[in-house]
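Next come the chains, spelled out residue by residue.
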Amino acid sequence: MNERGKSDNLVVPAKPSNKAKAAETVEERRLAKGNTDSSTRPKLRAGLGGKAGLDRVREVARRDKDARFTALLHHVDLARLWAAYAAINPRAASGVDQVTWDTYGQDLRENLEDLLRRVHSGAYRASPSRRVYIPKPDGRQRPLGIATLEDKIVQRAVVEVLNAVYEEDFLGFSYGFRPGRKPHDALDALAVGLERKKVNWVLDADLRDFFSTLDQAWIMKFLKHRIADRRVLRLIRKWVRRCRSDAVWACEQGVGLLP
């Protein structure tokens, strides 16, 4: 665990923890364009300030493409967990613990406060995914890992924080697994391009078993180009390890982490 007020050796020191709300977003130089919103269900408002806290992150990510963020986990707060719970489909299948959306919501504040405490203390542990198979047109079966409700909540909250960084890196013509974008949007853009530009050929390609064959070690290496918060990386690593033999977490969340 990172100690408060300290930073990694190769990273600019983190701002003091008492300035977290202003934005504990510190940058260091290294490698490397969209916005993201998170909607909540009616009557399940997460509270004020949920999105505003990431504005500084987006600003730095947009301005400095080499910036590395050393303090992001504090953005995973009670409001963001609440919003993540509200965004989950109440009828979605339950994980290995069989805890449903309705059951968890009966003591929602208490459950989320306990979850938040475990996430920030490092006591949170990712649960195994429940494996199911979906038939494919070619006769094969696509494996899918169904996470527990708490894993879905934390994953959604972390994804929203990461999107504040990576949505500023994606190019406008990138549509895959991005918030607020659908396959039909990509098809519409393609149609406009074909009509307005001189096009000689169109390439249609598909990567077989892409998500199930991703190299998790390389995923972590790519993340470190932008993310230097050890607690966030440790959290993601827990999911990556759990997904090693399951359907990949990124596929389940529908988010592209790599620009």
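How each quantity is defined
Residues numbered from 1 in each chain as written. Predicted model: local features only at pLDDT ≥ 70, side-chain atom pairs only at ≥ 80, totals over all residues. Heavy atoms only, no water. Axes fitted to C-alpha atoms, helices over the stretch in contact; angles between N-to-C directions. Helix = DSSP H or I, 4+ residues; strand = E, 2+ residues; numbered from the N terminus. Parallel < 35°, antiparallel > 145°, perpendicular 65-115°, else oblique. Left-handed = near helix turned anticlockwise from the far one by under 90°. Contact = heavy atoms within 4.5 Å. Nonpolar A, V, L, I, M, F, W, Y, C, P; charged D, E, K, R; others polar. Pairing = 2+ DSSP bridges. Core = buried A, V, L, I, M, F, W, Y, C linked by side-chain atoms within 4.5 Å. Buried < 20%, exposed > 50% of the residue type's maximum accessible area, 1.4 Å probe, protein only. Expected span 1.5 Å × (residues − 1). Arc of directions from axis to C-beta. pLDDT = per-residue confidence, 0-100.

Further remarks concern the packing of helix H5 (residues 108-121) against helix H6 (residues 149-166). The contact between H5 and H6 brings their axes to 12 Å, and the two run at 65°. Compared by their axis directions, H5 and H6 come out roughly perpendicular. Seen along the crossing, H5 lies across H6 with a hand that is right-handed. Taken together, the residues of H6 that come into contact with H5 (itself represented by Asn111, Leu112, Leu115, Arg118 and Val119) are Glu150, Ile153 and Val154. By residue class, the composition of the contact of H5 with H6 is 5 nonpolar, 1 polar and 2 charged.

With that settled, consider the packing of helix H3 (residues 78-87) against H5. Two elements in contact, H3 and H5, have axes whose closest approach is 10 Å; the angle formed by their N-to-C orientations is 120°. For the element pair H3 / H5, the angle class is oblique. As for how H3 packs across H5, the hand of that crossing is right-handed. On H5, the residues that touch Leu78, Leu81, Trp82 and Tyr85 of H3 are Leu108, Arg109, Leu112, Glu113, Leu115 and Leu116. Among the residues forming the contact of H3 with H5, the class breakdown is 8 nonpolar, no polar and 2 charged.

On to the pairing of strand E1 (residues 130-135), then. With 6 bridges connecting them, E1 and strand E2 (residues 141-146) associate as antiparallel partners. Across the sheet, the residue bridging to Val132 is Leu144, located in E2. Where E1 folds back onto E2 in an antiparallel hairpin, the turn is made up of 5 residues, including Gly139, whose phi is positive at roughly 95°.

Ranked by size, the top nonpolar core spans 45 residues in total, and within it Leu112, Leu115 and Ile153 carry the most contacts. Those elements giving two or more residues to this core turn out to be helix H2 (55-63), H3, helix H4 (101-105), H5, H6, helix H8 (216-223) and helix H9 (230-242). In terms of residue count, H6 provides more of this core than any other element does, 10 residues in total. Among residues more than four places away in sequence, those in contact with Leu112 are Leu78, Leu81, Trp82, Tyr104 and Ile153.

One can find Leu190 in helix H7 (residues 183-196). For the pair Leu190 and Phe173, spaced 17 residues apart in sequence, the C-alpha to C-alpha distance is 9.3 Å.

For the α-helix, the turn length of 3.6 residues means that residues three or four positions removed from each other point alike. Its 18 residues give H6 an end-to-end C-alpha distance of 25 Å, which sits within 8% of 26 Å, the value for a rise of 1.5 Å per residue. Of all the 18 residues making up H6, 17 are buried; the element is thus mostly covered by neighbouring parts of the structure.

Moving on, we come to H2. Inspection of H2 places Val57, Arg58, Val60 and Ala61 among the buried residues, and these make up the whole buried set. The arc that holds the buried residues of H2, viewed along the axis, is 165°, so those residues lie on one side. Structurally, H2 contributes buried residues whose contacts are with H6.

What follows deals with the confidence of the model for the chain. A residue-level look at the chain finds 73% of positions with pLDDT of 70 or above and a mean pLDDT of 77. The least confident element of the chain is helix H1 (residues 20-23), whose mean pLDDT is 36; the most confident is H5, at 97. For the stretch residues 1-50, pLDDT sits under 50, and the model shows 110 contacts to residues farther than four places along the chain or on other chains.

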